[in-house]
Amino acid sequence: MGEHEKEPEHRLRRELPAEVPPAAPEAESAGPEPEAKVTGRERLVQGLWPPRVSRAQLIVAVLLFGLGFGLAVQVASNSDSDSALRGARQEDLVRILDELDDRTQRLEDEKTGLEKQRQELQSSSDQAAEARRQTAEKERQLGILAGTVAAQGPGITMTVDDPKGTVQADMLLDAIQELRAAGAEAIQVDGVRVIAGTYLTDSGKSVSVDGNKITQPYVFKVIGKPQDLEPALNIPGGVVQTLEKEQATVTVERSAKIVVDALRPAKQPDYARSSSQ
């Protein structure tokens with residue numbers, strides 16, 4: 001063998017296939033990325049925004065808003081009343097308490113009178129005659145309230161002098177309401193009888209009562225208990241102070257006899273009928 005002859009290959013080498021280089025590892029297929037973990041706060045925000053409001057929820061929200069607004073107005077009104085009473089003098093507070101006691105007593109007296117009428121009807125030997133007597137008395141009382149019958153009795157005369165014409169109809173209406181609350185049984189304003197359906201309106205620098213223009217000074221003739229009527233007008237923040245803030249002059253005089261003689265025609269109802277017919 002020559003020096004340059006190759007050595008014979010080994011038998012095993014000849015039998016084995018040539019080594020194949022290892023294939024490069026395939027890149028892992030890109031799968032869907034795992035979802036990011038949602039926190040509780042993010043889930044809460046997603047549930048609240050954007051807001052999804054149903055019709056029923058909207059109606060409930062409007063009702064709750066109205067209720068809250070009404071309560072706020074009531075609280076504010078009570079606060080104003082409390083502030084007015086908090087600044088009142090001790091004498092004024094005592095007078096207000098006396099007025100409340102008098103109102104309570106009037107209601108008790110009315111209750112007692114009704115119970116007495118019932119007992120008289122039940123115990124009377126001639127119930128028909130007693131019923132007629134009570135009916136006539138009731139008719140007279142209702143006539144006074146309806147303004148179809150003249151009345152006289154103790155009471156007060158209130159005169160409101162308004163030279164600048166700043167007194168408005170609602171102020172005089174407040175005076176009427178305050179007098180009614182204090183037990184006024186008959187009221188007359190400048191020759192116009194005040195009844196349950198009376199209304200007041202502004203008429204230029206004057207006031208009209210049930211469409212009748214009245215001129216100043218406005219004179220109120222009121223039948224009732226003077227000890228109740230006058231203090232009701234003079235309570236702190238009441239009728240007299242309100243009118244005086246408008247630079248009007250108010251005078252109240254008690255009298256043992258007040259005559260209310262302005263009358264209203266008896267009006268027959270168009271549709272209402274007695275249920276006993």
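Residues numbered from 1 in each chain as written. Predicted model: local features only at pLDDT ≥ 70, side-chain atom pairs only at ≥ 80, totals over all residues. Heavy atoms only, no water.

### Notes on the overall build of the protein chain
So, point 1. The secondary structure content of the protein chain amounts to eight helices and eight strands.
So, point 2. Evaluated residue by residue, the protein chain yields a buried proportion of 23% over its 277 residues.
So, point 3. When contacts within the protein chain are restricted to residue pairs at least 6 apart in sequence, those whose partners lie at least 24 apart make up 76%.
So, point 4. Here the protein chain displays about 21,000 Å² of accessible surface, and carbon together with sulfur accounts for 55% of that area. (Helix = DSSP H or I, 4+ residues; strand = E, 2+ residues; numbered from the N terminus. Buried < 20%, exposed > 50% of the residue type's maximum accessible area, 1.4 Å probe, protein only. Contact = heavy atoms within 4.5 Å. Areas by Shrake-Rupley, 256 points an atom, 1.4 Å probe, with all protein chains shown as cover.)

### Quick notes on the pairing of strand β5 (residues 206-209)
So, point 1. Residue alternation in β5 divides its side chains into two sets, Ser206 and Ser208 and Val207 and Val209, and both sets are buried.
So, point 2. Of the pairings in the sheet, the one linking strand β4 (residues 200-203) to β5 comprises four bridges and is antiparallel in character. What sits directly across from Thr201, in β5, is Ser208.
So, point 3. Between β4 and the antiparallel strand that follows it, β5, lie two residues; Gly204 among them carries a positive phi value of about 65°.
So, point 4. Hairpin connection between β5 and strand β6 (residues 212-214): a loop of two residues separates the two successive antiparallel strands, and Asp210 in this loop has a positive phi of roughly 55°. (Pairing = 2+ DSSP bridges.)

### Thoughts on helix α6 (residues 169-181)
So, point 1. Taking 1.5 Å of rise per residue, the 13 residues of α6 would be expected to cover 18 Å, and the 18 Å separating its terminal C-alpha atoms lies within 8% of that figure.
So, point 2. All of the buried residues in α6 are Ala169, Met171, Leu172, Ala175, Ile176 and Leu179.
So, point 3. Following α6 by one or two positions, Gly183 adopts a phi angle in the positive range, close to 105°. (Expected span 1.5 Å × (residues − 1).)

### Some words on the pattern of salt bridges
So, point 1. Applying the stated criterion to the full structure yields three salt bridges.
So, point 2. Between Arg264 and Asp210 there is a salt bridge, with its nearest N and O atoms 2.1 Å apart. Residue Arg264 is found in the segment after β8 (249-260), and its partner Asp210 is found in the loop between β5 and β6; the two are separated by 54 residues along the sequence.
So, point 3. Across the salt bridge formed by Glu230 and Arg254, the nearest N and O atoms sit 2.4 Å from each other. With Glu230 in helix α7 (residues 226-233) and Arg254 in strand β8, this pair connects stretches of sequence that are 24 residues apart. (Salt bridge = Lys/Arg side-chain N within 4 Å of Asp/Glu carboxyl O.)

### So, the side chain of Asp162
So, point 1. Examined against the element boundaries, Asp162 turns out to sit in the loop between β1 (151-161) and α6.
So, point 2. For the buried Asp162, no salt bridge is present, and the opposite-charge side chain at shortest range is Lys164, 8.8 Å distant.
So, point 3. A distance of 2.9 Å separates a polar side-chain atom of Asp162 from the backbone nitrogen of Val167.
So, point 4. Look past the residues within four positions of Asp162 in its chain and what remains in contact with it is Val167, Gln216 and Ala248. (Lys, Arg positive; Asp, Glu negative; His and termini not counted. Polar contact = N/O pair within 3.5 Å; in protein donor to acceptor, adjacent residues only side chain to side chain.)

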